[in-house]
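# Fold and geometry: a report
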There are 2 protein chains.
Amino acid sequence: MTLTKVSSAKVAGGWHQQFSHSATSTACAMRFAIFLPPQAGPNNPVPVVYWLSGLTCTDENFMQKAGAFKKAAELGLAIVAPDTSPRGDGVADDPEGSYDFGLGAGFYVNATQQPFAKHYQMYTYVVEELPALIEANFPVTSQRAISGHSMGGHGALMIALRNPSLFSSVTAFSPIAHPTECPWGVKAFTGYLGEDKKIWTQYDSTLLMQNKSTGPAALVDQGDADNFLQQQLKPEHLQQAAKQSGYPLTLRMQAGYDHSYFFISSFIDEHLAFHAQRFG
Amino acid sequence: MTLTKVSSAKVAGGWHQQFSHSATSTACAMRFAIFLPPQAGPNNPVPVVYWLSGLTCTDENFMQKAGAFKKAAELGLAIVAPDTSPRGDGVADDPEGSYDFGLGAGFYVNATQQPFAKHYQMYTYVVEELPALIEANFPVTSQRAISGHSMGGHGALMIALRNPSLFSSVTAFSPIAHPTECPWGVKAFTGYLGEDKKIWTQYDSTLLMQNKSTGPAALVDQGDADNFLQQQLKPEHLQQAAKQSGYPLTLRMQAGYDHSYFFISSFIDEHLAFHAQRFG
């Protein structure tokens, strides 16, 4: 597997780098970003926090706006941010060009519907292909945590719940917590997965959590001034599911915060510390 | 003076807000951003750090990418970021549309040449109009510091050197340290100020510093992997000027860092602490 370096910049004593590679799962070139803390090296591999971004984002939004590197450097954590969908010539997009479906909106599922099934295999990319690539090419351990925002918060929770042996902890900001019951989720799942709602359930964090009493420790932060809270995000459904099953979820409503990266930057240090504590 | 609120978001326990107003000096609508730390209030006014951005930027780049709010909240500092030029209908731009002259490239001078003189009065805007507006409308003291990046580093140093009673300290990242001797500066000064190089000298930090033995304490950080270092930035000229006059300048060459916000985010906390210490 060949990695092509797209950029490299020193930050917080470590390095931010972008790479592109030809991905098998999504059958296209994929770009990702990695932050390597100063202490990472062949003789000192570090754990990895995977970050999944929200609608319209690329690998760049978190890396430029979250302000996470100082704490990650202090804790000795690598951070890896994939893109939010396949891209490039031949990759199908929403014919209407909407922001919440198609390019920039892969929803971290494996699409079964045409014309999306060929490239929109983001679940396999994030769960299998990307971690294997990272662990083969960078000074990291196989310790993994996962986090994300909005659509990426959905992705992080859903992926951790389905793969408890692969991730030691999961955190999310403003996740789409119950996608089968909100407009963003219904639109995406219908388009990528078809009308059979039984398939949808395996990608819904609320439905997954209500049947699991154990799994990666989960921390969710949600701003109460978030414009998408009531119609799209529904964290109270996730909390109810955790209550029902006994799942180890901590949901924190944060007074006055909205859906933006200003919110993420305010609490990302605490999320990184949460992951570092579980890495031990 | 009417301020129109453009946006408001909670961050790091404080608030990031954008406002627009009809500016007298630049004869157009100007937008600026302000961060107010959590402790700021009518009974607890806080000092202000003014941030001047570089070429192509607006009030948003620093606020979204510098990761400065946690430290500013801890230290109890407000941060104000103006735009980098006048904008809007009727504001002249470079006829060639280049990135380094005209819109987004005001260079913090008062233009004397047509068609720029009418609106490109950024020196007066930053030195007089904006601070007066901030101090009349927000819970801040009259304690001021100034900082900036690249073109804004030039602006911060030049403004502090010319107004030592208005700013208690100045810091800069990768400043255009000797604009009368580099392509960016010569192009801008010719376009805004004309051919008379005597007028240029009042806007050149190296020339100003070499004749001043006292003034606001100055800290400059410069990455040694900055692509613009040799041709455009020339910090060694500034250091030579300080050596000649005895000016209190600390120049730090930072190994491996480039010209980007990754560099700024790595050291902004130290710059804020430098200003806070001088505020006392």
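Residues numbered from 1 in each chain as written. Chains lettered and ligands numbered in written order. Predicted model: local features only at pLDDT ≥ 70, side-chain atom pairs only at ≥ 80, totals over all residues. Heavy atoms only, no water.

### Side note on the UniProt feature "active site" (unreviewed entry) in chain A
All names here are of chain A. The UniProt entry lists S150, D226 and H259 under the feature "active site" (unreviewed entry), expressed in the numbering used here. The named residues occupy 110 residues along the chain; their greatest pairwise C-alpha distance, 10.9 Å, places them in one compact cluster. Taking the relative accessible area as the measure of exposure, D226 reaches 6% and is therefore buried. Not counting chain neighbours up to four residues away, the residues in contact with D226 comprise S174, L233, Y257, D258 and H259. Within the secondary structure layout, H259 lies in the loop between β9 (249-254) and α10 (261-279). When neighbours within four sequence positions are excluded, H259 is seen to be in contact with H149, S150, S174, D226, F228 and L233. (UniProt positions renumbered as here; feature names shortened; annotations may be inferred. Buried < 20%, exposed > 50% of the residue type's maximum accessible area, 1.4 Å probe, protein only. Contact = heavy atoms within 4.5 Å. Helix = DSSP H or I, 4+ residues; strand = E, 2+ residues; numbered from the N terminus.)

### Some thoughts on the relation of the copies chain B and chain A
The two copies are related by a screw motion: chain B maps onto chain A through a turn of 180° and a shift of 0.0 Å along the axis, at an RMSD of 0.0 Å. These values place the two chain copies in the arrangement generated by a two-fold rotation axis. A share of 100% of the interface residues of chain B reappears at the interface of chain A, consistent with the copies meeting face to face through the same patch. (Least-squares fit on C-alpha atoms with pLDDT ≥ 70 in both.)

### Quick notes on the interface of chain B and chain A
A common way to report how large an interface is uses the accessible area buried once the components associate. Of the residues lining the interface, 23 residues belong to chain B; the matching set on chain A comes to 23 residues. Contact between chain B and chain A buries roughly 1,800 Å² in total, counting both sides, with carbon and sulfur atoms accounting for 54%. At the boundary of chain B and chain A, one finds two salt bridges. Close ionic contact of D269(A) with K70(B) constitutes a salt bridge, the shortest N to O distance being 3.1 Å. A total of six residues in the side of chain B that touches chain A trace back to one element, the largest contributor, which is helix α10 (residues 261-279) of chain B. Its residues assigned to classes, the side of chain B that touches chain A comprises eleven nonpolar, seven polar and five charged. (Buried area = accessible area lost by both parts, 1.4 Å probe. Salt bridge = Lys/Arg side-chain N within 4 Å of Asp/Glu carboxyl O. Nonpolar A, V, L, I, M, F, W, Y, C, P; charged D, E, K, R; others polar.)

### Considerations on the packing of aromatic side chains
Aromatic rings considered in pairs are described by the distance between their centres and by the relative angle of their planes. On inspection of all chains with the given rule, the structure shows 44 aromatic pairs over all chains. Consider the rings of W51(B) and F173(B), whose centres lie 6.0 Å apart with planes at 55°: the pair is tilted. A residue pair is termed long-range when its members are at least 10 positions apart, and W51(B) in strand β4 (residues 46-52) and F173(B) in strand β7 (residues 169-173) qualify at 122 residues. For W51(B), a relative accessible area of 1% gives the class buried. Ring centres of F107(B) and F189(B) lie 6.5 Å apart, and the angle between their planes is 80°; on these two criteria the pair is classed as edge-to-face. With F107(B) in the loop between β5 (78-82) and α3 (122-137) and F189(B) in helix α5 (residues 183-193), the pair connects residues that are 82 residues apart, well separated along the chain. With relative accessibility at 0%, the residue F107(B) sits in the buried group. When the ring centre of F274(A) is taken as reference, the NZ or CZ atom of R278(A) above it lies at 3.8 Å. R162(B) extends its terminal NZ or CZ atom over the ring of Y203(B), reaching a point 4.9 Å from the ring centre. (Phe/Tyr/Trp six-rings, centres within 6.5 Å; stacked < 30°, edge-to-face > 60°. Lys NZ or Arg CZ within 6 Å of the ring centre and 35° of its normal.)

### A few points about the pattern of salt bridges
Counting across every chain of the model gives 18 salt bridges over all chains. Across the salt bridge formed by E74(A) and K71(A), the nearest N and O atoms sit 3.3 Å from each other. Remark: K71(A) and E74(A) occur in helix α2 (residues 69-75); sequence separation between them is three residues, near one turn of the helix. Looking at E74(A), the relative accessible area reads 56%, which means it is exposed. The partner of R87(B) in a salt bridge is D83(B), with the nearest N and O atoms 2.6 Å apart. The structure contains a network of salt bridges with shared partners spanning R31(A), D59(A) and E60(A).

### As for the state of the cysteines
For the structure shown, the criterion picks out zero disulfides over all chains. For C182(A), which is in no disulfide, the shortest distance to another cysteine sulfur is to C57(A) and amounts to 17 Å. In this structure C182(A) comes out as buried when scored by relative accessible area, which is 2%. Free cysteine C28(B): the closest other cysteine sulfur is in C57(B), separated by 18 Å. For C28(B), a relative accessible area of 10% translates into the label buried. (Disulfide = S-S within 2.5 Å.)

### Quick word on the sheet that holds strand β8 (residues 217-223) of chain B
Residue and element names in this part refer to chain B. Read across the sheet, nine strands follow the order β1-β2-β3-β5-β4-β6-β7-β8-β9 without closing on themselves; strand pairing throughout is mixed. For this open sheet the edge positions go to β1 (4-11) and β9 (249-254), each flanked by a neighbour on one side alone. Strand-to-strand, the axes of this sheet are offset by a mean angle of 20°, without reference to chain direction. Judged from the four bridges that link them, strand β3 (residues 28-36) and β5 form a sheet pairing that is antiparallel. (Pairing = 2+ DSSP bridges. Axes fitted to C-alpha atoms, helices over the stretch in contact; angles between N-to-C directions.)

### Some words on the layout of surface pockets
Residue and element names in this part refer to chain B. By volume, the second largest pocket amounts to about 230 Å³. What lines the second largest pocket is a set of 14 residues, among which L55, H149, S150, F228 and H259 lie closest to the centre. Here the lining of the second largest pocket is composed, by residue class, of six nonpolar, seven polar and one charged. (1 Å grid on protein atoms, 1.4 Å probe; cavity = no way out; pocket = protein on both sides within 12 Å on 5 of 7 lines; lining within 4 Å. Points joined across faces, edges and corners; volume = space filled by probe spheres on them.)

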